[in-house]
Amino acid sequence: MLSGRLYWVPLLLALGVGSGSGGGGDSRQRRLLAAKVNKHKPWIETSYHGVITENNDTVILDPPLVALDKDAPVPFAGEICAFKIHGQELPFEAVVLNKTSGEGWLRAKSPIDCELQKEYTFIIQAYDCGAGPRETAWKKSHKAVVHIQVKDVNEFAPTFKEPAYKAVVTEGKIYDSILQVEAVDEDCSPQYSQICNYEIVTTDVPFAIDRNGNIRNTEKLSYDKQHQYEILVTAYDCGQKPAAQDTLVQVDVKPVCKPGWQDWTKRIEYQPGSGSMALFPSIHLEMCDGAVSSLQIVAELQTNYIGKGCDRETYSEKSLQKLCGASSGIIDLLPSPSAATNWTAGLLVDSSEMIFKFDGRQGAKIPDGIVPKNLTDQFTITMWMKHGPSPGVRAEKETILCNSDKTEMNRHHYALYVHNCRLVFLLRKDFDQADTFRPAEFHWKLDQICDKEWHYYVINVEFPVVTLYMDGATYEPYLVTNDWPIHPSHIAMQLTVGACWQGGEVTKPRFAQFFHGSLASLTIRPGKMESQKVISCLQACKEGLDINSLESLGQGIKYHFNPSQSILVMEGDDIGNINRALQKVSYINSRQFPTAGVRRLKVSSKVQCFGEDVCISIPEVDAYVMVLQAIEPRITLRGTDHFWRPAAQFESARGVTLFPDIKIVSTFAKAEAPGDVKTTAPKSEVLEEMLHNLDFCDILVIGGDLDPRQECLELNHSELHQRHLDATNSTAGYSIYGVGSMSRYEQVLHHIRYRNWRPASLEARHFQIKCSELNGRYTSNEFNLEVSVLHEDRVSDKEHVNHLIVQPPFLQSVHHPESRSSIRRSSVVPSIATVVIIISVCMLVFVVAMGVYRVRIAHQHFIQETEAAKESEMDWDDSALTITVNPMEKHEGPGHGEDETEGEEEEEAEEDMSSSSGSDDSEEEEEEEEGTGRGRHGQNGARQAQLEWDDSTLPY
């Protein structure tokens, strides 16, 4: 390049361009020379398109940035010295890479952000180097347009316009679009700024979302199933970049207005003893603005699985008959198994109540003499029965009660059985009672016979009329068949339960026609029929539905209870009145100790609209009453457990009273937290006394049965009858039964006597009492008594023993808090050695007190005599005369006799306290005489000592 420039210098000089010429002329000459040398303008393309990636400085142009000049290869004039960009504050610059070739480079002066500007357009021109190094008159090219597009980078994640979305839908509908979520992306390019996909992140939800963000439900929603759904949604841009944070979509399910009962509780707890309790205090009917003309409500308490159909008292049948005022003479054919009633011992028994289950393989023979051989024209059969359909097309007879020939023949004299869900009663008279064609079979066809539910049946027979009462309702037989009387014979009869005895026409007598089902309280009452009042009482239920206030039901409300008060029907035409009426429906259980458990409760509704039969369907209310466990009582028998009586008293007409001081107390334990909350001591128990009935007390003879030839237990029947109790007596003991208070049983037990008219060989007899409530559901402790005989040759040896028999005083209070261990310790009767020690200490204290008392009396007497001597000489002489009396002589002065009498009365009173409460009068009289003798002897000795002391003071 330098050589080129040297080459052009002589040429320029020859042309007259020199430095030594004048200033104006030189400038003009140079311009002329330059015009001759730099003849052409640079040339560039008319337009360029470029791409730059954001956050980069390199621009890729198409075509490349190159400027050409026709003056090349003339130095300066044919070279490109610059590219100039026209525009304000453009972030680009053009750089010449090669002047000779004219290559250039377009670059960014600062980072390019597509989000700020996506493209740029500006003008660019190329400049040559002019005519020389000092020339400024460069020639420039034409203007070219440069358009640059910024290439985006996926640097931003999608973001949702709202942090959370919320929508409300109505249940039971399918929506095309519940709501639309929308996300945006801050990237500039369509590829990275557009949202190409949405996705529900939450799994197992009945919703879907499309590419536009529309959420829809895939199934019908139910308000009862779920009130609200919360789902998470994310978004993706077209570069598959997920959203930085998911959005929450909350969908509330609004229940469609459905007619039905609102604001009721499914579980209703009932505390025993709380009386009548409202079942639905806030219930109301929602009708969705529908107009109704009438409304019928049926509330049903389902208690078929509780006992024998509902919570009836679980007393024995005899006790229930007594409570309901039934006539006497009722014979229980299914009593509790015992020594006297052992024919039910082999039957299957329900563990909770006296319910006998017959599985088609068992029967029970009633012993002879329990039921009269021939029933009269009037009698009553009662029973509880639960029975289901019989298997097979042609079912056999299922015998409940049967009186048939024991041997030789197979005649049925009377029987009660089920055949093809029909109840049949057979009664065939003997020829000596009737000799004509008479009614013999009575048939009843009732659905309840095979519904597998408990029902109470009473068959009143007033021959030839037979009436059936089931659950208190009367049913006449739909079919009566006649038959001839049975021919008289001397064949014995066998009464059976659960099957019929087949004594003849078979190789071996056996049971036949077995019963399948459950029976309870099967009784027969010969000679009398039961009244409707007694029948209703016997099947009455102790729990049921009730209405708290009948007066406030309002006008236009009609209601009806079934006999057991398990179903209540109410009708009305005003929904408000119906609501208020149902809010007053309550549950009541009058048992003191109800059966705990669940009672199902259903309320069905029937709505009638104007001009229509049934217009709206209302779902049933399905609830239940939970009867909580009642507090269990602890029945305790207390009294003297051992005493002695002389043999003569056992032989007397009155005998020996066994339980003169027996007490029956029932308590329940109530847990009580300690007063100090911080203490770690265990909780104590507070025993509170409670009152309830008893249904039997058994007095058992321990150590062998009574010998009726020489001993017995006796009780005046008037004591029983005036207290409405009954009793049975046997060699095994005495059983008192009937529902009565504990005080009634106490009074009766106080009069139980034991007699033995041959007590010479008897040393002692042992008895045991045990009482029960609710047919053995709650039983007392076993109270044991030992009665010993005092024979005449051993009276003196055992005379002191009666002083030890006192009622334990520590068993009186039951209202003090005690721990379980202390309760157990207090319930143990102290040993005789302990009682002896206590009595000995008491006697010692008494002797000391009597000695002090005697000394004080003597001292007061001496002071009185001294004062009397100062007042009167005659009195002193008179007192001196008393001193001359022989002290060994048995003599009593009137003044001393009064003191002695007081001392004797106190001694006798103390001796009476230490003697047995059960001692007889003769023993007490003998003890008083002996005590009087001892007292007089002691008094004489004391007076003799006083006389001798007075004698020593005489001034002779």
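Residues numbered from 1 in each chain as written. Predicted model: local features only at pLDDT ≥ 70, side-chain atom pairs only at ≥ 80, totals over all residues. Heavy atoms only, no water.

**Side note on the overall build of the chain**
- Across its full length, the chain holds 15 helices and 58 strands.
- The 956 residues of the chain split such that 42% are buried.
- Counted over contacts in the chain with a minimum sequence separation of 6, partners at least 24 positions apart contribute 71%.
- On the chain, roughly 51,000 Å² of surface is accessible, and the fraction owed to carbon and sulfur atoms is 52%. (Helix = DSSP H or I, 4+ residues; strand = E, 2+ residues; numbered from the N terminus. Buried < 20%, exposed > 50% of the residue type's maximum accessible area, 1.4 Å probe, protein only. Contact = heavy atoms within 4.5 Å. Areas by Shrake-Rupley, 256 points an atom, 1.4 Å probe, with all protein chains shown as cover.)

**A word on helix H9 (residues 742-749)**
- Restricting attention to buried positions, one finds in H9 the residues Met742, Tyr745, Glu746, Val748 and Leu749. Projected down its long axis, H9 carries its buried residues within an arc of 165°, all on one side. (Arc of directions from axis to C-beta.)

**Details of the pattern of salt bridges**
- Under the criterion given, the structure shown has 18 salt bridges.
- The closest approach of N and O atoms between Asp483 and Arg428, which form a salt bridge, is 3.6 Å. With Asp483 in strand S34 (residues 479-483) and Arg428 in the loop between strand S29 (422-427) and strand S30 (438-445), the pair connects residues that are 55 residues apart, well separated along the chain.
- With its nearest N and O atoms 2.6 Å apart, the salt bridge here joins Glu711 to Arg765. Of the two residues, Glu711 is situated in strand S51 (residues 711-714) and Arg765 in strand S55 (residues 764-773); the sequence distance between them amounts to 54 residues.
- Given a relative accessible area of 9%, Arg765 falls into the buried group.
- Three or more residues are tied together by salt bridges with common partners; here these are Glu714, Arg753 and Arg755. (Salt bridge = Lys/Arg side-chain N within 4 Å of Asp/Glu carboxyl O.)

**Some points on the confidence of the model for the chain**
- Mean pLDDT over the chain: 78, with 76% of residues reaching 70 or higher.
- Confidence, expressed as mean pLDDT per element, reaches its minimum in the chain at helix H11 (residues 820-826) with 35 and its maximum at strand S13 (residues 207-209) with 95.
- Within the model, the stretch residues 1-23 combines pLDDT values under 50 with 18 contacts to residues more than four positions away or in other chains.
- Scored below 50 in pLDDT, residues 796-830 shows 64 contacts in the model against residues more than four places distant or in partner chains. (pLDDT = per-residue confidence, 0-100.)

**A word on helix H6 (residues 575-583)**
- Listed in full, the buried residues belonging to H6 are Asn577, Ile578, Asn579, Ala581 and Leu582.
- Here the buried face of H6 lies against strand S17 (260-262), strand S20 (284-286), strand S21 (294-302), strand S41 (567-572), strand S42 (585-589) and strand S43 (597-608).

**Quick word on the side chain of Glu773**
- Inspection of the secondary structure puts Glu773 in strand S55.
- When sequence neighbours within four positions are dropped, the list of residues in contact with Glu773 reads Tyr315, Phe593, Ile635, His692, Asn693, Leu694, Asp695 and Tyr778.

**Details of the sheet that holds strand S2 (residues 59-62)**
- Spatial ordering of the open sheet is given by S2-S1-S7-S6-S3, a layout of five strands whose pairing is mixed. In this open sheet, the two strands that pair with only one neighbour each are S2 and strand S3 (80-86). Each strand axis lies, on average, 30° off the axis of its neighbour in the sheet, ignoring direction.
- Two elements, strand S1 (residues 47-53) and strand S7 (residues 144-151), share seven bridges in a ladder whose sense is parallel. Following the sheet pairing, Gly50 is matched in S7 by Ile148. (Pairing = 2+ DSSP bridges. Axes fitted to C-alpha atoms, helices over the stretch in contact; angles between N-to-C directions.)

**Some thoughts on the nonpolar core**
- Ranked by size, the top nonpolar core spans 57 residues in total, and within it Phe659, Leu713, Ile736 and Ile752 carry the most contacts.
- Residues from two domains meet in this core; each of domain 4 (317-539) and domain 5 (634-670 + 686-790) gives at least three.
- Excluding anything up to four places from it in sequence, Leu713 contacts Leu658, Ile699, Val701, Leu706, Asn729, Gly733, Tyr734, Ile752, Arg753, Tyr754 and Phe767.
- Grouped together as the second largest cluster of nonpolar side chains are 41 residues, Ile366, Leu446, Leu468 and Ile524 included. (Core = buried A, V, L, I, M, F, W, Y, C linked by side-chain atoms within 4.5 Å. Domains from an automatic or database assignment.)

**So, a positive patch on the surface**
- Together, Lys41, Lys84, Lys140 and Lys143 line one region of the surface with positive charge.
- The residue Lys84 is located in strand S3 in this model.
- Judged by its relative accessible area of 43%, Lys84 is partly exposed. (Patch = residues over 30% accessible without salt bridge, like charges linked within 9 Å, V, L, I, M, F, W, Y side chains within 5 Å. Lys, Arg positive; Asp, Glu negative; His and termini not counted. Charge placed at Lys NZ, Arg CZ, Asp CG, Glu CD.)

**Topic: the pairing of strand S38 (residues 516-526)**
- With ten of eleven residues buried, S38 lies mostly within the body of the structure.
- Here strand S22 (residues 331-332) runs beside S38; their pairing, made up of two bridges, is antiparallel. Within S38, the position partnered with Asp332 by the bridge is Thr523.

**Looking at the environment of Asn342**
- With respect to the secondary-structure elements, Asn342 resides in the loop between S22 and strand S23 (348-349).
- Taking relative accessible area as the criterion, Asn342 reaches 48% and is therefore assigned partly exposed.
- Separated by 23 residues in the primary sequence, Asn342 and Lys365 have C-alpha atoms spaced 10.0 Å apart.

**Digging into unusual backbone geometry**
- In this structure, Pro63 follows Asp62 across a cis peptide bond, with omega equal to -5°.
- Along the chain, Pro63 turns up in the loop between S2 and S3.
- Cis geometry marks the peptide bond from Phe463 to Pro464; its omega dihedral reads 15°.
- Looking at where Pro464 falls in the secondary structure, it is placed in the loop between strand S31 (454-462) and strand S32 (465-470).
- In this structure, Asp204 takes a positive phi of about 55° despite not being glycine.
- Positionally, Asp204 belongs in the loop between strand S12 (195-200) and S13.

**Brief notes about the state of the cysteines**
- The final tally for this structure, using the stated rule, is seven disulfides.
- In this model Cys257 forms its disulfide with Cys288; the gap between the sulfur atoms is 1.8 Å. In this structure, the disulfide formed by Cys257 and Cys288 twists by about -110° around the S-S bond and is classed as left-handed. With a gap of 31 residues between them, Cys257 in the loop between strand S16 (247-254) and S17 and Cys288 in the loop between S20 and S21 connect regions that are remote in the sequence.
- Using a relative accessible area of 46% as the deciding quantity, one classes Cys257 as partly exposed.
- Judged by its relative accessible area of 23%, Cys288 is partly exposed. (Disulfide = S-S within 2.5 Å.)

**Observations concerning a nonpolar patch on the surface**
- Taken together, the side chains of Ile837, Val841 and Val845 present a nonpolar region at the surface, about 280 Å² in accessible area.
- Examined against the element boundaries, Val845 turns out to sit in helix H12 (residues 832-871).

**Concerning the sheet that holds strand S10 (residues 179-180)**
- Strand order in the open sheet formed by three strands is S10-S14-S13, with antiparallel pairing between adjacent strands. Of all strands in the sheet, those with a lone pairing partner are S10 and S13, marking the two edges.
- The pairing of S10 with strand S14 (residues 214-217) spans two bridges and is antiparallel. Its bridge partner lying in S14, Gln180 is registered against Asn214.

**A closer look at the packing of aromatic side chains**
- For the coordinates displayed, the defined rule picks out 15 aromatic pairs.
- An aromatic cluster of three or more residues is present, and its members are Phe92, Tyr120 and Phe122.
- Lying over the aromatic face of Trp501, Lys365 brings its terminal NZ or CZ to 3.7 Å of the ring centre. (Phe/Tyr/Trp six-rings, centres within 6.5 Å; stacked < 30°, edge-to-face > 60°. Lys NZ or Arg CZ within 6 Å of the ring centre and 35° of its normal.)

**Here's the deal with the pairing of strand S52 (residues 726-730)**
- Summarising the sheet, S52 and strand S53 (residues 733-741) pair through five bridges and their orientation is antiparallel. Bridged to Asn729 within S53 is Tyr734.
- Connecting S52 to the next strand, S53, in antiparallel fashion are two residues.

**Regarding the environment of Ile575**
- Within the secondary structure, Ile575 sits in helix H6.
- In this structure the C-alpha to C-alpha distance between Ile575 and Met287, which are 288 residues apart in sequence, comes to 8.8 Å.

**A closer look at the environment of Tyr734**
- Tracing the sequence through the fold places Tyr734 in strand S53.
- For the pair formed by Tyr734 and Asp698, sequence separation is 36 residues and the distance between their alpha carbons is 6.0 Å.
- Excluding residues within four positions of it along the chain, Tyr734 makes contact with Cys697, Asp698, Ile699, Leu713, Glu714, Leu715, His717, Ala727, Thr728, Asn729 and Ile752.

**Regarding the side chain of Ser586**
- If you trace the backbone, Ser586 turns up in strand S42.
- A relative accessible area of 0% means that Ser586 is categorised as buried.

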